[in-house]
Amino acid sequence: MSGYLVEDSRKVTTHRFKEMKEQGKKIAMLTAYDYTTAKIVDSAGVDAILVGDSASNVVAGNQTTLPITLEQMIYHARSVVRGVKRALVVCDMPFGTYQVNPTEGVRNAIRIMQETGCDALKLEGGVEIVETVKKILEAGIPVMAHLGLTPQHINKFGTYTVRAREKEEAAKLISDARVLDKVGCFGCVLEKIPATLAAKVTEQVRMATIGIGGGSATDGQVLVVADMLGMNNDFHPKFLRRYADLHTIMTDAIGHYVSDVKSGDFPNENELY
Ligand code: KIV
């Protein structure tokens, strides 16, 4: 393994997630949507890869995560799984595939597991989806919850601003987390909520909390890979740390290629048969 700080090269399981929380070892998670990126992300040592429905924005250029379909998520997850040796692969259930009723939810969950080979699923929402979560868990499928800013509810929220600043919403979030923990979720994404609230939830649940814009007290962190690599020039939320400027690197490299083609410098005599 050519990555960084990988203490344990065995395949990461949901059991390991809980162990890491208990041992106070932080969990590093990133998104990936394709084979090539997943292979790099995995070999660099992340513990978990999220095949996020953010593929709808990042890959397809949609404004929201709502349009991505079950078939499209299956395609992305299957491609990611092929590139991964160690990381736990979690696939988002897309909008509309688990909200109608628990039976439909579990049927779609089984389909994703069977057709992709991923390790677990992530569903957005609290107590309102708990019956579906229970059914999916009963089918032997590990579930990661997602609370706080849940992008599939953007039309209800009306804004991507920080969630649960108010007492009432914070209390509901804590209660949702406890319910989802009790029924057996192994993890929970906490997106864009006050750090003090994320810390409180982390303390009160056995499942591992994974923050994105939730401060440093959560059991792990997740970022969208294209954002942390700086591929997207016009997305600057406060929580995002950029580890590279791929936008500039790629633009320069492609510009260089274009000028080499135009000048006749590429291909040269060593680059032909
Ligand atoms: O789809 C996604 O990328 C996500 C992360 C932002 C947690 O759900």
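These lines cover the structure that appears in this document, whether it is placed above or below. (Residues numbered from 1 in each chain as written. Predicted model: local features only at pLDDT ≥ 70, side-chain atom pairs only at ≥ 80, totals over all residues. Heavy atoms only, no water.)

Quick look at the sheet that holds strand 2 (residues 48–51)
Here's step 1: Taken in spatial order, the eight strands close into a barrel running 1-2-3-4-5-6-7-8, and their pairing is parallel. Taking each pair of neighbouring strands and ignoring which way they run, the sheet shows an average axis angle of 25°.
Here's step 2: For strand 6 (residues 187–191) and strand 7 (residues 208–212), the ladder comprises five bridges, and the chain directions are parallel. Within the sheet, the bridge partner assigned to Val189 lies in strand 7 and is Ile210. (Pairing = 2+ DSSP bridges. Helix = DSSP H or I, 4+ residues; strand = E, 2+ residues; numbered from the N terminus. Axes fitted to C-alpha atoms, helices over the stretch in contact; angles between N-to-C directions.)

Points about the layout of surface pockets
A probe as big as a water molecule, rolled over the atoms, marks out the empty space that is left.
Here's step 1: Of the volumes computed, that of the largest pocket is approximately 1400 Å³.
Here's step 2: As for the largest pocket, its lining consists of 50 residues, of which Ala28, Met29, Leu30, Gln221 and Leu223 are closest to the centre.
Here's step 3: Looking at the lining of the largest pocket, the elements with two or more residues in it are helix 1 (14–23), strand 1 (27–31), helix 2 (35–43), strand 8 (220–223) and helix 10 (225–228).
Here's step 4: Here the residues of the lining of the largest pocket sort into 29 nonpolar, nine polar and twelve charged.
Here's step 5: What the second largest pocket holds in volume is close to 800 Å³.
Here's step 6: Taken together, 31 residues make up the lining of the second largest pocket; nearest its centre are Ser54, Asn57, Val224, Asp227 and Phe235.
Here's step 7: At the level of secondary structure, the elements contributing two or more residues to the lining of the second largest pocket comprise helix 3 (55–58), strand 4 (120–124), strand 6, strand 8 and helix 10.
Here's step 8: The residue inventory of the lining of the second largest pocket, partitioned by class, reads 14 nonpolar, ten polar and seven charged. (1 Å grid on protein atoms, 1.4 Å probe; cavity = no way out; pocket = protein on both sides within 12 Å on 5 of 7 lines; lining within 4 Å. Points joined across faces, edges and corners; volume = space filled by probe spheres on them. Nonpolar A, V, L, I, M, F, W, Y, C, P; charged D, E, K, R; others polar.)

Describing the pattern of salt bridges
Here's step 1: If you walk through the whole model with that rule in mind, you get 14 salt bridges.
Here's step 2: Close ionic contact of Arg111 with Glu71 constitutes a salt bridge, the shortest N to O distance being 3.0 Å. Here Arg111 is found in helix 5 (residues 102–116), whereas its partner Glu71 is found in helix 4 (residues 70–83), with 40 residues between them in sequence.
Here's step 3: Since its relative accessible area comes to 45%, Glu71 is described here as partly exposed.
Here's step 4: Across the pair Asp92 and Lys122 runs a salt bridge, and its minimum N-O distance is 2.7 Å. (Salt bridge = Lys/Arg side-chain N within 4 Å of Asp/Glu carboxyl O. Buried < 20%, exposed > 50% of the residue type's maximum accessible area, 1.4 Å probe, protein only.)

Overview of the packing of aromatic side chains
Here's step 1: Under the defined criterion, the tally for this structure stands at two aromatic pairs.
Here's step 2: The aromatic ring of Phe157 is capped on one face by Arg163, whose charged end is 3.8 Å from the ring centroid. (Phe/Tyr/Trp six-rings, centres within 6.5 Å; stacked < 30°, edge-to-face > 60°. Lys NZ or Arg CZ within 6 Å of the ring centre and 35° of its normal.)

Examining the packing of helix 4 against helix 5
Here's step 1: At a minimum axis distance of 9 Å, the contact between helix 4 and helix 5 shows a crossing angle of 35°. The handedness of the crossing between helix 4 and helix 5 is right-handed. Listed contacts from helix 5 to Leu70, Glu71, Ile74, Ala77, Arg78 and Val81 of helix 4 are Asn108, Arg111, Ile112, Glu115 and Thr116.
Here's step 2: Of the residues assigned to the contact of helix 4 with helix 5, the class counts are five nonpolar, two polar and four charged. (Left-handed = near helix turned anticlockwise from the far one by under 90°. Contact = heavy atoms within 4.5 Å.)

Considerations on the side chain of Asp8
Here's step 1: Looking at where Asp8 falls in the secondary structure, it is placed in the segment before helix 1.
Here's step 2: For Asp8, a relative accessible area of 16% corresponds to the buried category.
Here's step 3: Of note is the side chain of Asp8, whose polar atom sits 2.6 Å from the side chain of Arg10. (Polar contact = N/O pair within 3.5 Å; in protein donor to acceptor, adjacent residues only side chain to side chain.)

A word on the environment of Ile141
Here's step 1: When you line up the elements, Ile141 lands in the loop between helix 6 (130–138) and strand 5 (143–148).
Here's step 2: Given a relative accessible area of 6%, Ile141 falls into the buried group.
Here's step 3: Residues Ile141 and Cys185 lie 44 residues apart in sequence; the distance between their C-alpha atoms is 9.8 Å.
Here's step 4: If we ignore the near neighbours within four places in the chain, the residues touching Ile141 are Ala109, Ile110, Met113, Leu121 and Ile136.

Examining the pairing of strand 1
Here's step 1: Of all five residues that make up strand 1, four are buried, and the element is covered over most of its length.
Here's step 2: With four bridges connecting them, strand 1 and strand 8 associate as parallel partners. Bridge assignment links Ala28 to a residue of strand 8, and that residue is Gln221.
Here's step 3: For strand 1 and strand 2, the ladder comprises three bridges, and the chain directions are parallel. Looking at the pairing, Met29 lines up with Ala48 of strand 2.
Here's step 4: Regarding topology, helix 2 serves as the crossover connection from strand 1 to the parallel strand 2, and that connection is right-handed. (Right-handed = clockwise from strand over helix to strand, strands pointing away.)

Description of the site of the ligand
Here's step 1: Near the ligand you find 13 residues, and of these Gly52, Asp53, Ser54, Asp92 and Lys122 are the closest.
Here's step 2: With the chains in place, 95% of the 260 Å² that the ligand exposes on its own is no longer accessible.
Here's step 3: Its atoms largely coinciding with the cavity grid, the ligand occupies the second largest pocket.
Here's step 4: Looking at the shell around the ligand residue by residue, the class counts come to five nonpolar, four polar and four charged. (Near = heavy atom within 4 Å. Areas by Shrake-Rupley, 256 points an atom, 1.4 Å probe, with all protein chains shown as cover. Sits in = over half its atoms within 2 Å of the grid points.)

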